[in-house]
Amino acid sequence: MKKIKLLFLLMLLAAVVQVTGIISPRTGEAALAPAHVEGELLVKFEGGASSSAAASANAQIGASVVEEIPFIGWQHVRLPKGMTVGEALEQYQKLPGVVAAQPNYIYHLNATPNDPSFTQAQMYGMFKIQAPAAWDRSTGSAQVVVAIIDTGIRYTHEDVAANMWHNPGEIQGNGIDDDANGYVDDYYGYNFANANSNPIDDYNHGTHVAGTIGGVGNNGKGVVGVNWNVRLMAVKLHDAAGNATAANAALCFQYVTMMKNRGVNIRVTNNSWGGPPEAAAYDQVLKDAIDATGNAGILNVFAAGNDGRNIETTPSYPASYDSPSILAVASSTSTDARSSFSNWGAVSVDLAAPGSNILSSVNNSDTSYSNFSGTSMASPHTAGAAALLAAYRPSLSPASIKAALMTTVDVLPQWQGLVVTNGRLNVARAIRKLTVAFDFSGDGKTEIAIWNPATGIWSIGNGSEGTPNTQTQWGSSSLSDVAVPADYDGDGRIDIAIFRKNEGNWYIINSSNGAVNLKNWGGGADQPVPADYDGDGLADVAVFRASEGNWYIRQSSNGASTVRGWGQAGDKLVPADYDGDGKTDIAVWRPSEGNWYVIRSSNNTVLTRSWGEGADKPVAGDYDGDGRADLAVFRPSTGNWHILNSQTNTARVQNWGNSGDMPVPGDYDGDGVTDVAIWRGGEGNWYIIKSSTSTATIQNLGISNEQPVPSLFIAP
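Worth saying up front: this structure is predicted, and the values here are computed from it rather than measured.

Draft legend 1. Examining the overall build of the protein more closely. A tally of helices and strands in the protein yields 10 helices and 45 strands. Expressed as lengths along the three principal axes of its C-alpha atoms, the size of the protein is roughly 90 × 60 × 50 Å. The burial tally for the protein puts 62% of its 716 residues in the buried class. When contacts within the protein are restricted to residue pairs at least 6 apart in sequence, long-range pairs at least 24 apart make up 60% of them. Surface exposure of the protein reaches about 25,000 Å², of which carbon and sulfur atoms provide 50%. Separation of charge centres in the protein, based on 45 positive and 68 negative side chains, amounts to 4 Å.

Draft legend 2. Summary view of the layout of surface pockets. Computed from the structure, the second largest pocket encloses a volume of approximately 1,100 Å³. Ala 403, Met 406, Thr 407, Thr 421 and Asp 626 are, among the 45 residues lining the second largest pocket, the residues nearest its centre. Counting residues per element, the lining of the second largest pocket draws most heavily on helix α9 (residues 398-406), which supplies 5 residues. Within the lining of the second largest pocket, the residues separate by chemical class into 10 nonpolar, 20 polar and 15 charged.

Draft legend 3. Structural context of the environment of Arg 154. With respect to the helices, strands and loops of the structure, Arg 154 is situated in the loop between β9 (140-150) and β10 (189-191). A relative accessible area of 22% means that Arg 154 is categorised as partly exposed. The spatial distance from the C-alpha of Arg 154 to the C-alpha of Thr 207 is 5.7 Å, given a sequence separation of 53 residues. Discounting chain neighbours no more than four positions away, the residues touching Arg 154 are Val 160, Ile 200, Asp 201, Thr 207, Val 362, Asn 363, Asn 364, Ser 365 and Asp 366. Polar contacts involving the side chain of Arg 154 include one to the side chain of Asp 366, which spans 2.6 Å.

Draft legend 4. Local environment of the packing of helix α6 (residues 246-261) against helix α7 (residues 284-295). Relative to each other, α6 and α7 sit at 10°, their axes nearing to 9 Å. Our classification of the angle between α6 and α7 gives roughly parallel. Residue-level contacts link Ala 246, Ala 249, Ala 250, Phe 253, Val 256 and Thr 257 of α6 to Val 285, Leu 286, Ala 289, Ile 290, Ala 292 and Thr 293 of α7. Split by residue class, the contact of α6 with α7 holds 10 nonpolar, 2 polar and no charged.

Draft legend 5. Structural detail: the packing of aromatic side chains. Taken as a whole and assessed by the stated rule, the structure comprises 21 aromatic pairs. Between Tyr 183 and Phe 192, the aromatic rings sit 5.6 Å apart at their centres with planes inclined by 75°, giving edge-to-face as the arrangement. On the basis of relative accessible area, Tyr 183 is assigned to the buried category, the value being 14%. Judged by centre distance (5.4 Å) and plane angle (55°), the rings of Phe 634 and Trp 641 are tilted.

Draft legend 6. Examining the sheet that holds strand β40 (residues 651-655) more closely. Strand order in this open sheet of 4 strands is β37-β38-β39-β40, and the pairing throughout is antiparallel. Looking at the sheet topology across the chains shown, the edges are occupied by β37 (617-618) and β40. One ladder, built from 5 bridges, connects strand β38 (residues 631-635) with strand β39 (residues 640-644); its direction is antiparallel. Bridging across to β39, Phe 634 finds its partner in Trp 641.

Draft legend 7. Structural detail: the pairing of strand β36 (residues 606-610). Here strand β35 (residues 595-599) runs beside β36; their pairing, made up of 5 bridges, is antiparallel. Bridge pairing links Tyr 597 to Thr 608 in β36.

Draft legend 8. Fine view of the side chain of Asp 671. Within the secondary structure, Asp 671 is located in the loop between β41 (662-663) and β42 (676-680). Lys 445 is the oppositely charged side chain nearest to the buried, salt-bridge-free Asp 671, at an N-O distance of 9.7 Å. Looking at Asp 671, its side chain comes within polar contact range of the main-chain nitrogen of Val 673, at 3.0 Å.

Draft legend 9. Spatial organisation of the nonpolar core. Counting 55 residues, the largest nonpolar core has Leu 232, Leu 389 and Leu 405 as the members making the most contacts within it. With 10 residues, helix α8 (residues 375-392) is the single largest residue contributor to this core. Ignoring anything within four residues of it in the chain, the contact list for Leu 232 reads Val 146, Ile 148, Ile 153, Val 160, Asn 163, Met 164, Trp 165, Tyr 188, Ala 210, Ile 213 and Gly 214. Counting 52 residues, the second-largest nonpolar core is a separate cluster that includes Ala 147, Tyr 183, Met 233 and Tyr 321.

Draft legend 10. Examining the pairing of strand β43 (residues 685-690) more closely. Judged by how many residues are buried, β43 sits mostly within the fold: 5 of 6 residues are covered. Inspection of the sheet shows β42 paired to β43 by 5 bridges, in the antiparallel sense. Directly across from Val 676, in β43, lies its bridge partner Ile 689. Where β42 folds back on β43, the antiparallel hairpin that results is connected by 4 residues, among which Gly 684 adopts a positive phi of roughly 75°. In textbook terms, the turn of a hairpin is the stretch between consecutive antiparallel strands, and for β43 and strand β44 (residues 695-700) this stretch comprises 4 residues, one of which, Ser 694, has a positive phi near 60°.

Draft legend 11. Highlighting α7. For α7, spanning 12 residues, the distance from its first C-alpha to its last is 16 Å, which sits close to the expected 16 Å at 1.5 Å a residue. Here α7 lies mainly inside the structure; 10 of its 12 residues are buried. If you check which residues of α7 are buried, you get Val 285, Leu 286, Lys 287, Asp 288, Ala 289, Ile 290, Asp 291, Ala 292, Thr 293 and Gly 294. The N-terminus of α7 is capped by Asp 283, whose side-chain oxygen sits 3.1 Å from the backbone nitrogen of Val 285.

Draft legend 12. Representation of unusual backbone geometry within the structure. Between Tyr 317 and the following residue, Pro 318, the backbone shows a cis peptide bond with an omega angle of 10°. Relative to the elements of secondary structure, Pro 318 occurs in the loop between β15 (299-303) and β16 (326-332). One non-glycine residue, Asn 218, adopts positive backbone phi at about 60°. A positive phi angle is found at Asn 422, which is not glycine, with a value near 65°.

Draft legend 13. A look at the sheet that holds β44. Pairing within the open sheet is antiparallel, and its 4 strands lie in the order β41-β42-β43-β44. Every interior strand has two partners, whereas the edge strands, β41 and β44, have only one. Two elements, β41 and β42, share 2 bridges in a ladder whose sense is antiparallel. Bridging from a neighbouring strand, Met 662 pairs with Trp 679 of β42.

Draft legend 14. View of the pattern of salt bridges. The tally for this structure, following the rule as stated, stands at 24 salt bridges. The closest approach of N and O atoms between Asp 526 and Arg 545, which form a salt bridge, is 2.8 Å. Within this pair, whereas Asp 526 is found in the loop between β28 (516-520) and β29 (527-528), its partner Arg 545 is found in strand β30 (residues 541-545), the two being separated by 19 residues in sequence. Taking the relative accessible area as the measure of exposure, Asp 526 reaches 3% and is therefore buried. Residue Glu 613 is joined to Arg 635 by a salt bridge in which the shortest nitrogen-to-oxygen separation is 3.6 Å. Pair noted here: Glu 613 is in the loop between β36 and β37 and Arg 635 is in strand β38, with a separation of 22 residues, a long-range link. On the accessibility criterion, Glu 613 (41% relative accessible area) is partly exposed. Classification of Arg 635 as buried rests on a relative accessible area of 15%.

About the thresholds
As a convention, each chain's residues are numbered from 1 in the sequence order in which they are written. Confidence filtering applies because this is a predicted model: local features only for residues at pLDDT of at least 70, side-chain atom pairs given and counted only at 80 or more, and all residues used for totals across whole chains, interfaces and linings. The side-chain figures draw on all heavy atoms in the structure; neither hydrogens nor water molecules are used. Labels follow the DSSP assignment, with helices taken as runs of H or I lasting at least four residues and strands as runs of E lasting at least two, numbered in each case from the N terminus. Here's how the labels work: a residue is buried when its accessible area is under 20% of the maximum for its type, exposed when over 50%, partly exposed in between, all with a 1.4 Å probe on protein chains only. By the convention used here, residues are in contact when the closest approach between their heavy atoms is within 4.5 Å. Methods summary: accessible areas were calculated by the Shrake-Rupley approach with a probe of 1.4 Å, and residue burial reflects only the protein chains presented. Counting rule for charge: Lys and Arg are taken as positive, Asp and Glu as negative, and neither His nor the chain ends is counted. Taken as the charge location is NZ of Lys, CZ of Arg, CG of Asp or CD of Glu. Think of a 1 Å grid over just the protein atoms. A cavity is a set of points where a 1.4 Å probe fits yet cannot get out, a pocket is an open set with protein on both sides within 12 Å along at least five of seven lines, and lining residues have an atom within 4 Å of a point. Grid points are joined across faces, edges and corners, and a volume is the space filled by probe spheres set on the points. Any residue that is not Ala, Val, Leu, Ile, Met, Phe, Trp, Tyr, Cys, Pro, Asp, Glu, Lys or Arg is counted as polar, Gly included; the first ten are nonpolar and the last four charged. Polar contacts, as used here, are pairs of N or O atoms within 3.5 Å; protein pairs need one atom able to donate a hydrogen and one able to accept it. Residues neighboring in sequence count only if both atoms are side-chain atoms. Axes here refer to lines fitted to C-alpha atoms; in helices the fit is confined to the stretch in contact. Angles between the N-to-C directions go from 0 to 180 degrees. Orientation labels follow simple angle bins: below 35 degrees gives roughly parallel, above 145 gives roughly antiparallel, 65 to 115 gives roughly perpendicular, and whatever is left gives oblique. The pairing test for Phe, Tyr and Trp rings, Trp by its six-membered ring, is centres within 6.5 Å, and the orientation test on the planes gives stacked under 30 degrees, edge-to-face over 60, and tilted for anything in between. Strands are labelled as partners when DSSP assigns at least two bridges between them. Salt bridges are defined as contacts in which a side-chain nitrogen from Lys or Arg sits within 4 Å of a carboxyl oxygen from Asp or Glu. By convention a nonpolar core is built from buried Ala, Val, Leu, Ile, Met, Phe, Trp, Tyr and Cys residues, the set being connected through side-chain atoms within 4.5 Å. Multiplying 1.5 Å by the helix residue count minus one yields the expected span of that helix.

Printed below as a string of C-alpha cells:
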C-alpha cells in the first residue's frame, strides 16, 4: 500500500497506525488493499487535464471529474458505480491519450510513544547546528516564506503568530476570493484535508514543526526557531486523524507553486512526512508535483523516515525520489549519533540534523510547548537553515542553497556511509560559505574592483553603476607589495590586504571593525595563496614556495602550521573547493601537460584530470552551482571558456573575450553560480554574462595599468 507518515514520535500518542499491501503504479498492477480510495483514480492525459483526450476517456469509462490538477496535467476522477480500481486501471491504460493512471493512495501517520522524561531547559539542536553563530550574520527575514505542508499550524500560538504568513491579496473572513486565485479566504494558507480556508493544526504536529523553523526570536516567550523572523505559510495536508491522499498532496504543491508564480517569495517547503515500508510505494503523481514545485524555484525539504532502515535497500518515498529539488534529512541525537528510529541512505539521504527530544511549540494551547522526536523534527531544522540562507542571500538559487547546506556539514564518524555528506547540518558554516569572492560590501555579489599597484589605491565599484563608491590607499608595488584580498575576519566581506614580499608581512584591514591586522608568513619569491583551507569561514594566510614545491599554510582556526609538498616550478596555482566539503583544496595546473592535480581535503585523495593546454589561463569556479569548483580554462587565442561541469561531468564551451582580455570570473549576480566575465584594459570595460539571466552587462572601471581584483589569483 501507500501511506504518508508524519515522521515523528509523539509522547502523547500510544498507537501506531499500520496498513499493509502493495501497489505498483509503474506497472499498473495492484494488490488491492485498503491503501487507496475506492471508487477513485488519478489519471494523466496527453494535452493536460482539460484536453479532449481527457473528456473522451472519461466518457468511455463513465467517470466524472472530481478536480483537476493542471500544473502537472493530472485529473482526480470518480469511477462509475460498481467499477473497481483495478478494472479502471486496466481500462484507462488501454485508451488513447492516457499517459498514466494510478490509485488515489491514502496516506497515514505513523506515530509511536516517547518517554515523557524531558526538560524544557535546553534546545540542544540549535547549538549543534551552530545557529547562534549564524545569527551573527542573519536572524531571518519577513520577506522569506516557508510553506509548511503538514497538519496545519496553530496560527494563534504566542511563539508563531507574529511569523505567520498573511495573504496580502485576501481580506480575512469576508467569504470572497479577493485575489481571484481560486481559494476563498486563504489568509494563512489553505486546508486541503477538509477543503476550507482554515489550516488549523488539529493533530499536534505542524505547530511543532513551525516553531523549529520560525519560532519568534527575542520575544521573551517559549522557544526560538532557526529563523527569528520569517513567514510561515500553513498548507494543511493531513486531517485530524492523520490521513491524507495523493490527490491532496498534489493540490498542496500546486497551491504553493501557484502562489510562488503569483509573486509570493516561497523559498522552501518543509515536508515532515514520508512513505510506507513497501519498496513499491512509488507515486508518480506526487513526484510530478514535487518536480513542478522545484522547477518553480522552491527547495523541498523532506524527512527521511522513521523506519530505522537503509532506504537504499528498501526505498522510502518521497525521500528516495531522484528529484534535484529534494533535500532529504535523517535524525541525529544530542550526541550526534543516528537516532534509533531514523532511516539512512548513502545515496538518497543528504544529511542529518537534530531530531531526538526537540523542544518546540505545540497546539494544545497558545502557550504550550513539548519535546517530540522524529525525522519530522530534523527536517524543519534543515528547512529553517535553508530559509536563513535565503534571507542572508536573497538571490541564491535553490540548488545553491542545497549545495551550501550539504557542503558545510560537520563531517562525523557516526555518519560515515549513512548519508551523502557523511555529516550533520551546520548552518553557521553554511552561511559563512556564502562569502562570495571579491564581495567587499557583503551583499552577496562580486564587485568590480581595481587595484593600482603604482599608487596603492583600491577602487571598488558601486554595483551596476560601475562608478567607484569607495577608494582606499593600501600598499604599493614600490614596496614589493602584492594584493591579497580575502575574508580574513569571517564577517562575510572581503578585506583589503597586501602581502609585502620583502618583509614576509601581510597587512590586512579588517572589514568588520576597520582595524589593521599584521601577520608574518612567507616572503621573498613566495606566491601568496590565501584561502579557507581549514573550513572555519576565515581565510588562512598561505604561500607556495616554487623552489621547494611546498605550500605553507597557517590555519586561522587554531594557529597551527601546515606544510604540504604539491607542485613544482612552472605550475599554476589553482586552490579551490573541488570536493564541496567547505574547505579549499590544494591544487595546481601544469601547463606543460594540461593536467590538474588536486588534493581533496575531504578524504586526502588525489584528483588528476587533463583539461586545457599550455597557453590557457586556469579559471576554476562553481559554474554549475553545485557547491564544487569546476575545472575551467580561458583560451586567449579563441576567446573560449572551456568548463568541465562537476555536477554532470560534461563539457561546456562559452565564447567570451579576446586575446588581450583578462578573465575575471565571479558571482556578479549573487545567485551562487560563477559568471563568465572579462576585463578589457584598453577600455576599462567589464563584460559579464550573468548566469541567473544569461544576459550580458557592461560596466566601466579601471585603466590598462591597473589590476582587476577578481583576476589577482589567476596565474598569468
